Amino acid sequence: MPSLDSLSDVGTPTVAYDGALLPLAAAAQQPYVSELLSFTLDRLHKEPELLRVDAERIRRQMQEVAVNNYRAFISAADALKSVHEEVFLVDKHLELLIEEIPKLTAGCTEFIDSAQQILEKRKLNRTLLANHSTLLDLLEIPQLMDTYVDDGTRGRCINCIRNGNYDEALDLEAFVCRLAKAHSESPVIQSLAAEVKHTTQSLLTQLLQRLRSNIQACFELPECLRVISYLKRIGVFTESEMRLQFLRCRESWLASIIDDLDQRHVYEYLRGMVNCHRMHLFDVVNQYRAIFVDDTSGNEEKYDGGLLFSWAMHQISSHLNTLKTMLPMITEGALLSSILDLCMYSGMSLGFVGLDFRGLLPPLFEDAAQKLFSKNITTAVENFQLVLDSHRWVPIPPLGVTTGKGTDDMQDDVTPPSSLMEHPPLAVFVNGMSMALNELRPCAPVRLKHALAQELQNGLQAVADSLMRYNATRMLRDNESVLFHSLCRAFLEVACPYCITCFGRCYVGGAALIELKNSFDGVRRLLVSSLPVVKGSQKAPDGLAQIDRRNSIAENGEPSVQENGETQDTEKREAESADEGKASIEKNV
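Here we summarise the structure given alongside this text.

So, how was this worked out
- Residues numbered from 1 in each chain as written.
- Predicted model: local features only at pLDDT ≥ 70, side-chain atom pairs only at ≥ 80, totals over all residues.
- Heavy atoms only, no water.
- Helix = DSSP H or I, 4+ residues; strand = E, 2+ residues; numbered from the N terminus.
- Buried < 20%, exposed > 50% of the residue type's maximum accessible area, 1.4 Å probe, protein only.
- Contact = heavy atoms within 4.5 Å.
- Areas by Shrake-Rupley, 256 points an atom, 1.4 Å probe, with all protein chains shown as cover.
- Salt bridge = Lys/Arg side-chain N within 4 Å of Asp/Glu carboxyl O.
- Core = buried A, V, L, I, M, F, W, Y, C linked by side-chain atoms within 4.5 Å.
- Phe/Tyr/Trp six-rings, centres within 6.5 Å; stacked < 30°, edge-to-face > 60°.
- Lys NZ or Arg CZ within 6 Å of the ring centre and 35° of its normal.
- Axes fitted to C-alpha atoms, helices over the stretch in contact; angles between N-to-C directions.
- Parallel < 35°, antiparallel > 145°, perpendicular 65-115°, else oblique.
- Left-handed = near helix turned anticlockwise from the far one by under 90°.
- Nonpolar A, V, L, I, M, F, W, Y, C, P; charged D, E, K, R; others polar.

Counting secondary structure elements, the chain contains 21 helices and two strands. Taken across its 589 residues, the chain has 36% of its residues classed as buried. Sequence-distant contacts, at least 24 apart, represent 74% of the contacts inside the chain between residues at least 6 apart. Carbon together with sulfur atoms contributes 56% to the accessible area of the chain, which is approximately 35,100 Å² in total.

Applying the stated rule across the entire model yields 16 salt bridges. Between glutamate 49 and arginine 52 there is a salt bridge, with the nearest N and O atoms lying 2.0 Å from each other. Of this pair, glutamate 49 and arginine 52 both sit in helix α3 (residues 41-68), separated by three residues, roughly a single helical turn. Note that lysine 371 is salt-bridged to aspartate 367, the shortest N-O span being 3.2 Å. Here aspartate 367 and lysine 371 lie together in helix α14 (residues 361-390), a separation of four residues that amounts to about one turn. On the basis of relative accessible area, lysine 371 is assigned to the partly exposed category, the value being 45%. On the accessibility criterion, aspartate 367 (33% relative accessible area) is partly exposed. In the salt-bridge network here, residues are joined through shared partners; they are Glu56, Arg59 and Arg60.

On to the nonpolar core. Counting 58 residues, the largest nonpolar core has Leu231, Phe246, Leu270, Leu323, Leu327 and Ile339 as its most contacted members. Sorting the residues of this core by element identifies α7 (165-182), α8 (187-212), α9 (220-234), α10 (239-259), α11 (266-291), α12 (307-326), α13 (333-350) and α14 as the ones contributing at least two each. When residues of this core are assigned to their parent elements, the largest contribution, twelve residues, is made by α11. Beyond its immediate chain neighbours, meaning those up to four positions away, phenylalanine 246 contacts Leu211, Cys224, Ile228, Val284, Gln287, Tyr288, Ile291 and Phe292. Formed by 47 residues, the second largest nonpolar core is a distinct cluster that contains Ala490, Ile500, Phe520 and Leu526.

Further remarks concern the packing of aromatic side chains. Ring pairs (aromatic) are described by centroid distance and by the angle formed between their planes. In total, this model carries eight aromatic pairs according to the counting rule given. Judged by centre distance (5.7 Å) and plane angle (85 degrees), the ring pair of tryptophan 393 and phenylalanine 484 falls under edge-to-face. Remark: phenylalanine 484 occurs in helix α18 (residues 478-506) and tryptophan 393 occurs in the loop between α14 and α15 (407-412); sequence separation between them is 91 residues. Comparing tryptophan 393 with phenylalanine 484 shows no difference in burial state: the two are buried. In this structure an aromatic cluster arises from ring pairing among Phe246, Tyr288 and Phe292. Looking at arginine 43, its charged tip hangs above the ring of phenylalanine 39, at a distance of 4.3 Å from the centre.

Where α9 meets α10, the closest approach of the two axes is 11 Å, and the angle between their N-to-C directions is 135 degrees. As judged from the angle between their axes, α9 and α10 are oblique. Where α9 crosses over α10, the two elements pack in a sense that is right-handed. Of the residues in α10, those touching α9 at Glu220, Cys224, Ile228, Leu231 and Lys232 are Glu239, Met242, Phe246, Arg250 and Trp253. A breakdown of the residues in the contact of α9 with α10 according to their chemical character gives six nonpolar, no polar and four charged.

With that out of the way, let us pick up the side chain of glutamate 366. Topologically, glutamate 366 is positioned in helix α14. Among residues more than four places away in sequence, those in contact with glutamate 366 are Pro445, Arg447 and Leu448.

Below is the structure:
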C-alpha cells in the first residue's frame with residue numbers, strides 16, 4: 001500500500017514501454033504505477049474510492065498516535081530546536097576563529113620581522129659604538145665647512161680668502177667626494193656628501209656674489225683671479241660657462257652701480273652712467289683678457305668664440321639706447337655739449353680695448369639737438385601767439401638810443417635791438433628765439449645746418465601766419481591798425497634780420513641758408529597796402545630788401561646792381577635801422 005506522500009503524486013503516472021519507464025512519475029512512485037497498469041478496468045474505477053478510505057484510516061491512526069505520544073513529540077521538537085541553536089553558535093564561533101587566524105599569523109610574522117630589525121639595529125649600534133670617534137670626525141665636516149663659509153657671509157669674505165679658509169673648505173669637499181665614491185652603499189656617507197654638497201652650493205653662491213660686488217681697485221684683478229681659481233676647483237662650470245658667469249656677474253655689478261644713480265636729474269644720471277662705463281667697462285675687458293687667455297692650439301674649451309665681443313657690444317648698445325632715450329630730456333644746450341664731451345672721452349678711453357663707439361654718437365646728439373631747437377622755436381612761436389592775443393594796442397614811447405658805431409661794429413654786435421621793446425609780442429618772440437639759439441650754440445651739429453635753418457624759417461613763417469590770421473580775425477580801429485602795421489614792419493625790418501644774423505653766428509654762412517625772397521608775401525602786401533600810394537613800383541620793406549641783397553651776395557659773390565641808383569640809399573637806411581639800440585630784451589645770444 002503506498003504512503004500518503006506517494007498518494008500526493010498519483011496524478012502524474014508513467015507508462016512502461018518495452019520494459020522502460022516512461023517519464024510520467026518520479027522514481028518513488030514507480031511500483032504503484034506498475035501495479036496500476038496491472039489492474040482491470042473495473043478495478044481502476046474502484047481505485048479512487050479505495051484510496052480515499054485508506055487516506056481516512058491513516059489520518060485517524062496518525063491522530064491517535066499524536067494524542068498518545070504528544071509529550072515525546074514536544075520533547076523531540078524542543079531538543080531539535082536546542083540542537084539547531086547550539087549548532088548555529090558553534091558555526092558562528094568557528095567563523096570568528098577562521099577570521100582571527102590570519103591576524104594571528106600576521107602578528108607572528110610582524111613579531112618575527114620586528115625581532116629581526118631589533119637584531120640588525122643592535123648589530124649596527126655595536127658597530128657604531130666601535131667606530132664612534134671616526135664617525136664623529138666625519139660628521140663634523142659639514143659644520144666645519146659652514147664655519148668657513150659663514151665667515152664670508154658675515155662681511156669677512158676677503159679675509160677668509162686671504163687666510164686660506166676657502167682652500168680648506170674645498171679640500172674637505174674633495175675628501176668627502178672621494179669618500180662617497182669609495183662607500184657608495186653607506187647611507188651615512190651619502191647623507192654626509194649631500195650636506196657637503198649643499199654647503200658647497202652656498203660657497204659657490206658666495207663666490208659668484210663676490211664677483212657681483214664692488215672690489216677695491218688695487219685688488220680687483222688679483223681678487224677676480226682668486227675667485228675664478230676657486231670656481232675652477234669646485235668644478236661646477238665648464239670653461240665656456242665660467243667665462244659666461246664672469247661676464248654676467250660683472251654686468252650685474254655694473255647694472256647695480258647704474259641703478260644707484262638718481263634718474264630724476266637727467267644730466268647727473270647720464271654723467272654718472274658715462275663715467276661708470278668709461279672706467280668699469282674698461283676694467284672688466286682687461287680682467288677678462290687677463291684671466292681667460294684664448295688658446296690658439298685649437299682647443300675649443302679654451303676658445304672665447306666671440307663671447308667677449310658679444311658682451312661688449314651688448315653693453316655698448318645698452319649704453320647708446322639709454323643715451324637715445326634720455327638725451328631728449330635735457331633742456332639746455334650746455335649740458336648737452338657737456339654730455340657729448342664726456343661720451344667722446346669715454347669712447348676714446350674704451351678705444352684702447354677695441355670699444356671705440358664715438359662714430360655712433362653723432363646721430364644721437366644731432367637728433368637731441370634738433371629736437372631741443374625745434375621745441376624752443378615752437379615755444380617761442382606759442383608765446384608770441386599768446387602775447388599777441390592778449391596785447392593791448394597802445395603806443396609805447398621809444399626806448400632805444402641811437403649810437404654812432406660803424407658798420408663793422410654793427411655786424412659784430414648781436415644785441416637785440418631796443419626798438420623791439422615798443423612791440424611786446426615781437427620782444428617775447430625774439431627773446432624765445434635768442435634762447436633757442438643760445439641753447440644751440442654749445443652743441444650745433446654741422447650736418448644739421450640746413451635742417452635747423454629750415455626750422456628757423458618755419459618759425460618765422462609761423463609768426464607771419466599768426467600776424468595774417470590776427471589781421472583777418474580782429475577788427476582794429478585806426479590808431480590800433482597803425483600800431484599793428486608798425487609791429488608787422490618791425491617784424492620784417494628788425495626781428496627777421498636779427499634772428500637770421502644770430503643764426504649766422506651759430507653757423508658760418510648760416511644766414512645765406514634762410515631763403516626769404518618768396519616768404520612773408522602776405523605781410524608784405526599788408527604793409528604795402530597800408531602805405532600811401534607813391535609814384536613808381538611797390539617795394540618790399542627795407543629789412544627784407546637787406547636780407548635779399550645779402551643772400552644774393554652770398555650766392556653770387558658780388559652785390560647786385562639795382563636800377564635808379566637805389567643800392568646806396570637802401571644800405572644807408574639799413575645802417576640807420578640797425579643802430580636803433582643795443583639793449584638786451586631778456587637773454588642775449
